[in-house]
Structure formats: C-alpha cells, structure tokens
Amino acid sequence: MIAQDFWAAVGNTPLIRLRRASEETGCEILGKAEFMNPGGSVKDRAAIGILGDAVARGVLTPWQPGTVVEGTAGNTGIGLALAANARGWRSIIVVPETQSREKLDYLRMIGADLRLVKPAPLSSPDHYTNFSRRIAEEESAKGPTIWADQFGNPANRAVHEATTGPEIWNQTNGRVDAFTCACGTGGTLAGVAAALKARSPKVRIVLADPHGSGMYAWATTGEVKAEGNSITEGIGQASKVPANLEPARPHIDDAVRVSDEDALKYVFELLSEEGISVGGSAGINVAAAVAVAKRLGPGHTVVTILCDGGARYQSKLFNPDFLREKGLPVPSWIRT
Ligand code: PMP
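Along each chain, residue indices are assigned from 1 in the same order as the chain's sequence is written. Local features in this predicted model are restricted to residues of pLDDT 70 or higher, and side-chain atom pairs are both shown and tallied only at a pLDDT of 80 or more, whereas totals for entire chains, interfaces and linings draw on every residue. For side-chain calculations, the full set of non-hydrogen atoms in the structure is used, while hydrogens and water are omitted.

(A) Spatial organisation of the side chain of S100. Secondary structure elements are defined from DSSP: runs of H or I of at least 4 residues count as helices, runs of E of at least 2 residues count as strands, and each element is numbered from the N terminus. In this structure, S100 sits in the loop between β4 (90-96) and α5 (101-109). N or O atoms within 3.5 Å of each other form a polar contact, as long as, within protein, one can give a hydrogen and the other can take it, and as long as residues adjacent in sequence are counted only when both atoms are side-chain atoms. Only 2.7 Å separates the side chain of S100 from the backbone oxygen of R312, close enough to count as a polar contact. The contact definition used throughout considers only heavy atoms, calling two residues in contact when any of these lie within 4.5 Å. If near-sequence neighbours (up to four positions away) are discounted, S100 is found in contact with E233, R312, Y313 and K316.

The following block contains the structure:
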C-alpha cells in the first residue's frame, strides 16, 4: 500500500501483544503502537484531525499562505508542524521549557517557530494553551491562521472516534474487554471510549492517571484533586478537566492511579525484554492495563496506547543522573 503523503501515513498502527504484561496477568495485554506514526506519537492523529477540519471549514487552504499555532507538551506541536510542512503552511509552537530537550530540539529541527514558556496550570492565563491563543489572535490579523486548541477542539476527539477506536475494534475482532489510557487533552480516551461503547457497551473504559494529576479523583469522586508529582510528560491535569475529556464522563467505568516507579518498571522491561521503546506516558498506560487485567481476572483482553517512543526522553528516562536525582530506579544497562 502506498500512502500519498505524511497525512495519509498517520494511523493504522499495529496492536502489539505485550508478552510480559500478558504473562503476569493471564490476560492478553495489547499496546497500540502509536510511536510508529510518522511524527512519532499518538498526537499525529490529533494534528491531522484538527488541520483536516480547518481545511473542511475553509480556514486554511493547502498550498496557500497559512499559519498553525498551538500550545503543546511537544508531541502535538511535532505532528502539527510536520502536517503543516506537508501542506505549505508555517507553524508557531508554544511549549513549556520543562519538556524534554529532545522534543524541543526536534521541533526546531523540523522548522517550527518555537516559543518557550514557564510551566503553569491549565486554569492560568500563562498556561501554554492560553499563551498560544493570544499569539493566534495576533497572527489572524496578518493572514489565514488556525489556533489548533487541542484541549477544546472537538476535531481532536473526533479523529480518535473515527480512527483509533475502530482500528482497535477491528484488530481484536471485537474481542476487547477493557481499554485504558492516561489523558492529556483527553482526546484519545474520549474518542476511543465513544467508538468502543457504540460497538459494545460492555467494554470497560478505565482512566489512567499519573501522580500530580487530579483526573483520578475526578473520575472516581467527581472532584478534581491532585497529590504528588510525576516525571511523565503530556499527561495529567492538576486543576481542570479539559473540554475534550468531559464527554468521556458517562463512558468511564473505573480509574487507576500509577506511580512513576511502576511506569518506569514497564518502560525498562518493555525495552530490555521485548525490544519495544516507549516514553513515560506509555509506561503509565501499560502499568494501568496490568492493574485493570488483575481486577478483571485471567482470560480477558485489555488494550492500551503506546503514545510515543523512548528516544524522545533519553535525557530524562534514560539518564542515570536525572533518575537518581528523582529517587527513581536506574536500568542496569545504563548504570555506568
Ligand atoms: N502521551 C504523550 C507523550 C502525549 O504527548 C500526550 C498528549 N499530550 C498524551 C499521552 C495524551 O494524549 P491525549 O491528549 O489524547 O489525552
């Protein structure tokens, strides 16, 4: 099969059986290999969903001047910048300076106009999202511009409902008992949940959450309350439920909170024993899938998302100094 361009190469990722997690639980634990998207993460889907919608609404036209503006933990910006390059548009990407150096370097490498900001909660006017909205307003005065607005734009959730969810259903021949993943914008969880529940209301949807995020408390008690912190990037919200997560509420059956230690155990094990390199959010997801499988008991199929690859976090997750400083375990093969 020939994909005509970057846009057409996004999605249709393999569902990989995770051997150790499956053996540990007596279930089939399957990871959707989103790190295999052409921009390297699950957020390539959101990028083409949002930009495709902008074209359909006449906001942007391929090969006519256009500017894409977004605030992002990095991956959405990478997807948007590459998808914009493939249509002749420019991109302005706002990222908190705390994100991994690899993602910032990658954004510069692919030609995004990168603007770094200090980290702030989603409810603050200084949050990268709100900062990027102001830039988009300024740019709109100069020419066709889209503020991608991944947290609020329903095209983010819709693309997962149209692609990720149906792919999971078809790849498992409808034999999926539970789906779990952590939320940044909530687009993946809400979209996949809508698609799976429409096919079988019996599929259990489980929200996974790192420490430092209030989404576990929101899903279990209705109140957003955060404790602790996490080194993971792109997931978790401390203070506010994103608009793209809100519609998932009636679909969420359960929630799991995962520590960085547990997430890293799976990140390191997947790499050294299964040859699968993933980032921290995928580690949270796999740990959550194991917890869900243990709650369900043997013989079930649990699907999760392998959001992006480990190379995006070499300077953190695979850096002994960084890990020691955080009091986290260092993998044996990089101790020296
Ligand atoms: N993992 C990583 C590494 C991400 O960058 C993101 C997106 N911020 C997610 C998971 C969460 O995806 P979503 O925005 O669809 O909830």
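(B) Region of the structure containing the sheet that holds β4. Taken in spatial order, the four strands make up an open sheet running β5-β4-β3-β6, and their pairing is parallel. Each edge of the open sheet is held by one strand with a lone partner, namely β5 (113-117) and β6 (145-147). Taking the axes of each pair of neighbouring strands and ignoring which way they run, one obtains an average angle of 15° across the sheet. Taken together, the three bridges between strand β3 (residues 67-71) and β6 define a ladder with parallel strand orientation. Among the inter-strand pairings, V69 is bridged to a residue of β6, identified as W147. A pair of strands is treated as paired once DSSP finds two or more bridges between them. Orientation is described by lines fitted to C-alpha atoms, with helices fitted over the stretch in contact, and by angles between N-to-C directions that extend from 0 to 180 degrees.

(C) Inspection of the sheet that holds strand β2 (residues 28-33) at higher detail. Spatial ordering of the open sheet is given by β1-β2-β10-β7-β8-β9, a layout of six strands whose pairing is mixed. Where the open sheet ends on each side, the last strands, each with one partner, are β1 (15-17) and β9 (252-258). The mean angle between the axes of side-by-side strands here comes to 30°, regardless of whether they run parallel or antiparallel. In this sheet, strand β10 (residues 301-306) lies alongside β2 in parallel orientation, the contact comprising six bridges. Along β10, the bridge assignment pairs K32 with I305.

(D) Fine view of the pairing of strand β8 (residues 204-210). Three exposure classes are used, based on accessible area relative to the maximum for each residue type with a 1.4 Å probe and protein chains only: buried under 20%, partly exposed in between, and exposed over 50%. The buried fraction of β8 amounts to six of the seven residues, a majority that puts the element mostly inside the structure. Examined bridge by bridge, strand β7 (residues 178-182) and β8 share five bridges and lie parallel to one another. Pairing of T180 across the sheet is with V206, part of β8. Inspection of the sheet shows β8 paired to β9 by six bridges, in the parallel sense. Each bridged residue has a counterpart across the sheet, and for I205 the counterpart in β9 is I252. Each parallel crossover has a hand, and the one from β8 via helix α9 (residues 215-221) to β9 is right-handed. Crossovers are described as right-handed under a simple rule: with the strands pointing away from the observer, the path leading from the first strand over the helix to the second runs clockwise.

(E) Structural view of the packing of aromatic side chains. Stacked, edge-to-face and tilted are the three classes for Phe, Tyr and Trp ring pairs, Trp counted by its six-membered ring, which pair at centre distances within 6.5 Å; planes under 30 degrees apart are stacked, over 60 edge-to-face, the rest tilted. A full pass over the atoms with the stated rule returns four aromatic pairs. Taking 5.8 Å as the distance between ring centres and 65° as the angle between the ring planes, the aromatic pair formed by F268 and F318 counts as edge-to-face. With F268 in helix α10 (residues 260-274) and F318 in the loop between α12 (314-317) and α13 (320-325), the pair connects residues that are 50 residues apart, well separated along the chain. Using a relative accessible area of 8% as the deciding quantity, one classes F268 as buried. Put simply, the rings of F268, F318 and W333 touch in pairs and so form one group of aromatic residues. The residue whose ring lies beneath K265 is Y266, and the NZ or CZ to ring-centre distance is 4.3 Å. Definition used: whenever NZ (Lys) or CZ (Arg) falls within 6 Å of the ring centre and also within 35 degrees of the ring normal, the charge is taken to sit over that ring. Directly above the ring of Y106 sits R312, whose terminal nitrogen or CZ lies 4.9 Å from the centroid.

(F) View of the site of the ligand. Distances are taken per atom, and a residue is near a molecule or strand as soon as one of its heavy atoms is within 4 Å of it. Among the 15 residues in the neighbourhood of the ligand, the closest are listed as K43, G184, T185, T188 and S281. For the ligand, an oxygen atom lies 2.6 Å from a polar atom in the side chain of K43. Surface exposure here means Shrake-Rupley accessible area, sampled with a 1.4 Å probe, where a residue is shielded only by the protein chains that are shown. In isolation the ligand exposes 390 Å². Once the protein is present, 97% of that is buried.

(G) Fine view of the pairing of β4. For β4, the tally of buried residues reaches six of seven residues, placing the bulk of the element in the interior. Relative to β4, β3 is paired through five bridges, and the arrangement is parallel. Across the sheet, T67 pairs through a bridge with R90, a residue of β4. Traced from β3 through helix α4 (residues 75-85) to β4, the parallel crossover comes out right-handed. Between the parallel pair β4 and β5, the chain is carried across by α5, and the sense of this crossover is right-handed.

(H) View of the packing of α10 against helix α11 (residues 280-296). Where α10 contacts α11, the two axes come as close as 7 Å, and the packing angle between them is 100°. The pairing of α10 with α11 is recorded here as roughly perpendicular in orientation. Mapping the contact onto sequence places D262, A263, Y266, V267 and L270 in α10 and G280, G283, I284, V286, A287 and V290 in α11. Gly is put with the polar residues, along with every residue not named as nonpolar or charged; the nonpolar set is Ala, Val, Leu, Ile, Met, Phe, Trp, Tyr, Cys and Pro, and the charged set is Asp, Glu, Lys and Arg. Of the residues contributing to the contact of α10 with α11, the split by class is eight nonpolar, two polar and one charged. Roughly parallel refers to an angle under 35 degrees, roughly antiparallel to one over 145, roughly perpendicular to one between 65 and 115, and oblique to any angle outside these ranges.

(I) Examining the side chain of T301 more closely. With respect to the element layout, T301 can be found in strand β10. Looking at T301, the relative accessible area reads 13%, which means it is buried.

(J) Region of the structure containing helix α7 (residues 154-171). The terminal C-alpha atoms of α7 lie 25 Å apart, and with 18 residues this matches the ideal 26 Å at 1.5 Å per residue to within 8%. At E161, α7 is deflected by roughly 35°, the largest bend along its length. Turning to α7, its buried residues number three or more, namely A155, N156, V159, H160, T164, G165, P166, E167, I168 and W169. On the buried face of α7, the contacting elements are β2, α3 (43-56), β7, α8 (187-199) and β10. By this rule, a helix spans an expected 1.5 Å times one less than how many residues it contains. To get the bend at a residue, fit one axis to the 7 residues ending there and another to the 7 starting there, then take the angle between the axes.

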